[in-house]
Amino acid sequence: STRPGVQNVAVLGATGSIGTATAEVLAHLNRVDDRYRWRLWAASGHHNVKGLTDLARDAARFGGPPERLVFSDPTVQSSLRNLEGPLQATEQRWGPEELVGAASHPEVDVVVAAIVGRAGLESTLAAVESGKRVALANKETLVVAGGLVQERSRATGAQLLPVDSEHSAIWQCIADSPNRVRRLILTASGGPFRTATAAQMEAATPETALAHPTWQMGRKISIDSATMMNKALEIIEARWLFDLPADQIEVVVHPQSIIHSMVEFEDGSVLAQLSPPDMRLPIQYALTHPRRLPCEAPPLQRNRRWDLSLEPVDLERFPALDLGFQVARVGGTAGAVVNAANEVAVGLFLNDQIRFTDIVTVCRKIMENHTFEERPTLSTLLRLDRWAREEATECAAGVG
Ligand code: NAD
Ligand code: MG
């Protein structure tokens, strides 16, 4: 092709909801971008060998065959086959340390961090240590280790570019404004239980909790949206991404998921970013920033009525929010333990072992019982992560 540049992209978590949307964005950019060829240099999946291989086989759409496929679950080694056709020169590697290898490889320009949960921490941190541009979907990395990640990215010059739609919206609203931000206003859809009673929430099943009204997402984040723990994690994510204290962050419920978030400036003026709910837009913007190119996400239609409503959050039915503000306020080790407890509790709820409303109760208990440190090292955070998982499992056995 005659395009002057290449962007080598490592998509970690390529088989997931964000990962497959990212692949679509790369294929689209290869049709519309006249500046860069977007090459899927590396892609990872956990143990879905067929899923990742099938995705990569479409090599022509992804700027050429990938250099390597990474399977983070080492037990898949025995099910790997020789690759043929367009993938015959593609390397296959396995084991979690290969995520770090791909994230820090000198040929990689951009890392899309789309693994779910704490499992994304080491590779995201490796990308930051290597001074990469990091399109960050994996919010849990900032929840667990936000202080450390920001300190390291300042040292290495790495850029953290938000993929989460709320944070992308805030980033777009702030743009290069030299003006002081008074408040970030995160919008929340309210999830499937926005109008449910407390009794209905106690009786919630995995099936009802997974049925999100406006977004199609992975299972973990879908449950997080139902408890509004997702918004709690996003409060913490915003605190670190935009370096603002918790008391300058607010949450408002906006059921239509069209206003993706807002920024209030010193003079009271509020800017918002609007688009129909579709992750391809924030993913693409993280990749092409500061350029805006045509996007496959559908635009807002003007020939129909859109109702944009805002309502206050119900802190009684959604106690996760208060926990999120607390973690954002104290920082330190709090995020690591709350995140670990939440990952365990979500898993137990999905296995019918605890009630929906126990999820946040377990998280709060673990947070209150942990030995807080203000400036933890990575090894302290990892130790507390393991501790919190054990505690949460025990604590859940008590409530279940
Ligand atoms: P998903 O469950 O659909 O995909 C998760 C990906 O991570 C898969 O590729 C999976 O193979 C991989 N993975 C799972 N466990 C792993 C492990 N132990 N080690 C290595 N890789 C592992 O999740 P998703 O919905 O795509 O979410 C990914 C991240 O993006 C999450 O942090 C989520 O909060 C964030 N996010 C998602 C959305 C969305 O619309 N889905 C929106 C905003 C932010
Ligand atoms: Mg979000």
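These figures come from a predicted structure and were not determined experimentally.

Engineer: Help me understand the site of ligand 1, please; the structure alone is not making it clear to me.
Structural biologist: Contacts to ligand 1 come from 24 residues, most closely from Gly-16, His-46, Ala-137, Met-217 and Gly-218. Contributions of two or more residues to the shell around ligand 1 are made by helix H1 (17-32) and helix H5 (139-156). Looking at the shell around ligand 1 element by element, the count peaks at 3 residues for H1. Among the residues forming the shell around ligand 1, the class breakdown is 11 nonpolar, 10 polar and 3 charged. Two domains each put at least three residues into the shell around ligand 1: domain 1 (5-162) and domain 2 (177-275 + 312-399).

Engineer: Just checking my understanding: could you explain the nonpolar core for this structure?
Structural biologist: Among soluble globular proteins, nonpolar side chains are generally buried collectively. Judged by nonpolar contacts, the single largest core of 121 residues is most densely connected at Ala-10, Leu-12, Ala-113, Ala-135, Ala-341 and Ala-345. With 11 residues, helix H13 (residues 334-350) is the largest single contributor of residues to this core. Counting contributing residues per domain, this core is built from domain 1 (5-162) and domain 2 (177-275 + 312-399), each supplying no fewer than three. Contact partners of Ala-135, with chain neighbours within four places excluded, come to Val-110, Val-112, Ala-113, Leu-161, Val-163, Ile-283, Ala-286 and Leu-287.

Engineer: I tried to follow the UniProt feature "domain: 1-deoxy-D-xylulose 5-phosphate reductoisomerase N-terminal" (unreviewed entry) in the protein on my own but got confused; where do I start?
Structural biologist: The positions UniProt marks with the feature "domain: 1-deoxy-D-xylulose 5-phosphate reductoisomerase N-terminal" (unreviewed entry) are residues 9-146. In the segment residues 9-146, helix accounts for 36% and strand for 22%; the C-alpha atoms at its two ends are 23 Å apart.

Engineer: Looking at this structure, I do not really get the sheet that holds strand S4 (residues 91-94). What am I missing?
Structural biologist: Sheets are built from strands paired through backbone hydrogen bonds, the pairs being either parallel or antiparallel. If you walk across this open sheet you meet the 7 strands as S4-S3-S2-S1-S5-S6-S7, and the pairing is parallel. Each of the sheet's edge strands pairs with one partner strand only, and the pair in question is S4 and strand S7 (159-162). Geometrically, the sheet is characterised by an average inter-axis angle of 25° between neighbouring strands, direction not taken into account. Against the sheet, H1 engages strand S1 (5-12), strand S2 (36-45) and strand S5 (110-113), with an angle of about 160° to S2. Helix H2 (residues 49-57) contacts S2 and strand S3 (68-71) of the sheet and is inclined by roughly 170° relative to S2.

Engineer: Sorry, what's going on with the sheet that holds strand S9 (residues 249-253) here?
Structural biologist: Strand order in this open sheet of 4 strands is S9-S8-S10-S11, and the pairing throughout is mixed. If you trace the sheet from one side to the other, it starts and ends with S9 and strand S11 (270-274), each paired once. This sheet shows a mean twist of 20° between the axes of neighbouring strands, independent of strand direction. Here strand S8 (residues 181-188) pairs with S9 via 5 bridges, running parallel. Paired with Leu-186 across the bridge in S9 is Val-251. Sitting on the sheet, helix H6 (residues 165-174) touches S8, strand S10 (259-265) and S11, and the angle it makes with S10 is about 40°.

Engineer: Would you take a moment to explain the pairing of S11 for this structure?
Structural biologist: Along a regular strand, successive side chains alternate from one face of the sheet to the other. Examined bridge by bridge, S10 and S11 share 5 bridges and lie antiparallel to one another. Looking at S11, one finds that Glu-264 is bridged to Val-270. Connecting the antiparallel pair S10 and S11 is a turn made up of 4 residues, with Gly-268 showing a positive phi of about 95°.

Engineer: Just to check I follow, could you spell out the packing of helix H9 (residues 219-227) against H13 for this structure?
Structural biologist: A pair of packed helices is characterised by two quantities: the angle between their axes and the separation of those axes. Contact geometry of H9 with H13 gives a least axis separation of 10 Å together with a crossing angle of 95°. Overall, the two elements H9 and H13 adopt an arrangement that is roughly perpendicular. Contacts between H9 and H13 involve Arg-219, Lys-220, Ile-223 and Asp-224 from the first element and Val-346, Phe-349 and Leu-350 from the second. Of the residues assigned to the contact of H9 with H13, the class counts are 4 nonpolar, no polar and 3 charged.

Engineer: Where do I start with H5 in this structure?
Structural biologist: Residues lying three or four places apart along an α-helix face the same way, a consequence of the helix completing one turn every 3.6 residues. When the terminal C-alpha atoms of H5 are compared, their 20 Å separation across 18 residues is substantially less than the 26 Å that a helix rising 1.5 Å per residue should span. Maximal helix bending in H5 amounts to about 100°, located at Ala-145. All of the buried residues in H5 are Lys-139, Glu-140, Thr-141, Leu-142, Val-143, Val-144, Ala-145, Gly-146, Leu-148 and Val-149. Where H5 is buried, its residues contact S5, helix H4 (121-129), helix H10 (229-241), H13 and helix H15 (378-399). Immediately beyond the C-terminal end of H5, within one or two residues, lies Gly-157, with a positive phi of roughly 80°.

Engineer: Help me understand the packing of H13 against helix H14 (residues 358-369) in this model?
Structural biologist: As a packed pair, H13 and H14 sit with axes 8 Å apart at the nearest point and diverge in direction by 150°. By the angle class used here, H13 and H14 are roughly antiparallel. Between H13 and H14 lies a crossing of right-handed hand. Mapping the contact onto sequence places Ala-334, Val-337, Val-338, Ala-341, Asn-342, Ala-345, Val-346 and Phe-349 in H13 and Asp-358, Ile-359, Val-362, Cys-363, Ile-366 and Met-367 in H14. Class assignment of the residues belonging to the contact of H13 with H14 gives a composition of 12 nonpolar, 1 polar and 1 charged.

About the criteria used
Each chain has its residues counted from 1, running along the sequence as written. Each chain is given a letter, starting from A, and each ligand a number, starting from 1, according to the order in which they appear as written. The model is predicted, so local features are restricted to residues of pLDDT at least 70 and side-chain atom pairs to those at 80 or more, both for listing and for counting; the totals for chains, interfaces and linings are taken over all residues. All residues are tested the same way: a C-beta atom is placed from the backbone, and lying within 6 Å of a molecule or strand makes the residue near it. A helix here means a DSSP run of H or I that spans at least four residues, while a strand means a run of E at least two residues long, and both kinds are numbered starting from the N terminus. Under the grouping applied here, Gly and all other residues not named as nonpolar or charged are polar, the nonpolar ones being Ala, Val, Leu, Ile, Met, Phe, Trp, Tyr, Cys and Pro and the charged ones Asp, Glu, Lys and Arg. Domain start and end points were adopted from an automatic or database domain assignment. Buried Ala, Val, Leu, Ile, Met, Phe, Trp, Tyr and Cys residues form a nonpolar core when they are connected through C-beta atoms within 7 Å. Burial is judged by counting the other C-beta atoms within 10 Å of a residue's own C-beta: 20 or more makes it buried, 12 or fewer makes it exposed, and any count in between marks it as partly exposed, with every C-beta position built from the backbone. Contact between two residues is assigned whenever their backbone-derived C-beta positions fall within 7 Å. UniProt positions are given in the numbering used here, feature names are shortened, and annotations may be inferred rather than shown by experiment. By definition, two strands form a pair when at least two bridges between them are found by DSSP. For every element, the axis is a line fit to its C-alpha atoms; helices are fit only across the contacting stretch, and the angle between N-to-C directions ranges from 0 to 180 degrees. When an angle is under 35 degrees it counts as roughly parallel; over 145 it counts as roughly antiparallel; between 65 and 115 it counts as roughly perpendicular; any other value is oblique. Under the convention used throughout, the expected extent of a helix is 1.5 Å for every residue step, that is, one less than its residue count. The reported bend at a residue is simply the angle between two axes, fitted to the 7 residues ending at it and to the 7 residues beginning with it. Note on convention: the crossing is left-handed when the near helix lies turned anticlockwise from the far helix by less than a right angle, right-handed when the turn is clockwise.

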